[in-house]
Amino acid sequence: MQLSIFALLSLFASVSAFTAGPVAFRQTTSLQAKTIKPKLQYVPCIPLKDLPKPGSATSGVAGGLAICIAVDKDGGVYALGDKCPPVNQPLSFGRVANGCIEDPVLGTKFNLKQGTVTDWCPTGIGKLLGGLFDPTGVPTYPVKKQGSNLMVQVDVNAKFAFEAQYWSGALDAQGKANGKYY
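Naming follows an unreviewed UniProt entry, where the protein appears as Rieske domain-containing protein of Triparma strigata.

Undergrad: Just checking my understanding: could you explain the confidence of the model for the protein for this structure?
TA: In low-pLDDT segments, the atomic positions of the prediction should not be examined closely. Averaged over all residues, the pLDDT of the protein is 81; the fraction at 70 or higher stands at 73%. Contacts for the low-pLDDT stretch residues 17-27, under 50 throughout, to residues beyond four places or in other chains number three contacts.

Undergrad: Sorry if this is basic, but what is going on with the environment of Lys113 here?
TA: Assignment of secondary structure puts Lys113 in the loop between strand E9 (109-111) and strand E10 (117-119). Here Lys113 falls in the exposed class, since its relative accessible area comes to 59%. For the pair Lys113 and Tyr78, spaced 35 residues apart in the sequence, the C-alpha separation amounts to 7.1 Å.

Undergrad: Whenever I open this one, the nonpolar core confuses me. Can you help?
TA: Soluble globular proteins: nonpolar side chains tend toward being buried together. Counting residues in hydrophobic clusters, the biggest one holds 14 residues, and the most contacted among them are Cys45, Ala62, Ile67, Ile69, Val152 and Val154. Every element with two or more residues in this core is listed here: strand E1 (40-47), strand E3 (65-71), strand E4 (77-81) and strand E13 (149-155). Once residues lying within four places of it in the same chain are set aside, the contact partners of Ala62 are Val43, Pro44, Cys45, Ile67, Val152 and Val154.

Undergrad: What is the right way to look at the environment of Thr35 in this model?
TA: Assignment of secondary structure puts Thr35 in the loop between helix H1 (2-17) and E1. On a C-alpha basis, the gap between Thr35 and Ala164 in space is 8.5 Å, while along the polypeptide they are 129 residues apart.

Undergrad: Sorry if this is basic, but what is going on with the sheet that holds E4 here?
TA: In a beta sheet, neighbouring strands are held together by backbone hydrogen bonds and run either parallel or antiparallel to one another. Here we have four strands laid out as an open sheet, ordered E2-E3-E4-E11, and antiparallel in their pairing. At either margin of the open sheet sits one strand with a lone partner, and together these are strand E2 (56-62) and strand E11 (140-141). Taken together, the five bridges between E3 and E4 define a ladder with antiparallel strand orientation. Residue pairing across strands places Ile69 opposite Ala79, the latter belonging to E4.

Undergrad: Could you clarify how one ought to interpret the sheet that holds strand E8 (residues 100-102) in this entry?
TA: Taking strand neighbours across the sheet as the criterion, the four strands line up as E7-E8-E9-E10 in an open arrangement whose pairing is antiparallel. The sheet is open, and its two edges are formed by strand E7 (95-97) and E10, each paired on a single side. The average angle at which neighbouring strand axes cross in this sheet is 30 degrees, direction not considered. Of the strand pairs in this sheet, E8 and E9 are connected by three bridges, and their pairing is antiparallel. Bridge pairing in E9 places Glu102 opposite Lys109.

Calculation notes
Residues numbered from 1 in each chain as written. Predicted model: local features only at pLDDT ≥ 70, side-chain atom pairs only at ≥ 80, totals over all residues. Heavy atoms only, no water. pLDDT = per-residue confidence, 0-100. Contact = heavy atoms within 4.5 Å. Helix = DSSP H or I, 4+ residues; strand = E, 2+ residues; numbered from the N terminus. Buried < 20%, exposed > 50% of the residue type's maximum accessible area, 1.4 Å probe, protein only. Core = buried A, V, L, I, M, F, W, Y, C linked by side-chain atoms within 4.5 Å. Pairing = 2+ DSSP bridges. Axes fitted to C-alpha atoms, helices over the stretch in contact; angles between N-to-C directions.

See below:
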């Protein structure tokens, strides 16, 4: 009996020696977080002087989102998501022709206006990888020229809404539960 009381007291002393005081636990989860509502807004993406020549594309960032800016042969300017399914390589490396942009690696063609798939993974390696995934389009965004910039309409809260779904706690990869770093 004395040995078990001694062991219990030793355990208590050990635990209290390594804690600075009462431990406060955060009782919130992403399930209890407020919903972040979409907020569509035109934001600068690239300077107009950096617009690609007709038949090509370039990349930019608008509202924290990777954007592919494509210019068709007639000079029409389009904005699409720059992550090309199924393996997320940059769509901005693709060729623009016949109202589509073609993935440079797997050969998938996406409609410039709707972002829908017109030809899913037709190349050799594309058939191999593409057969493992369902055809998936890319998002499209409205564009306008304003001043010296190409403006793209995006949900400026999309990044925050996505990140709000991550668990935040003592072992959060970004640091302490309060958002600060160690």
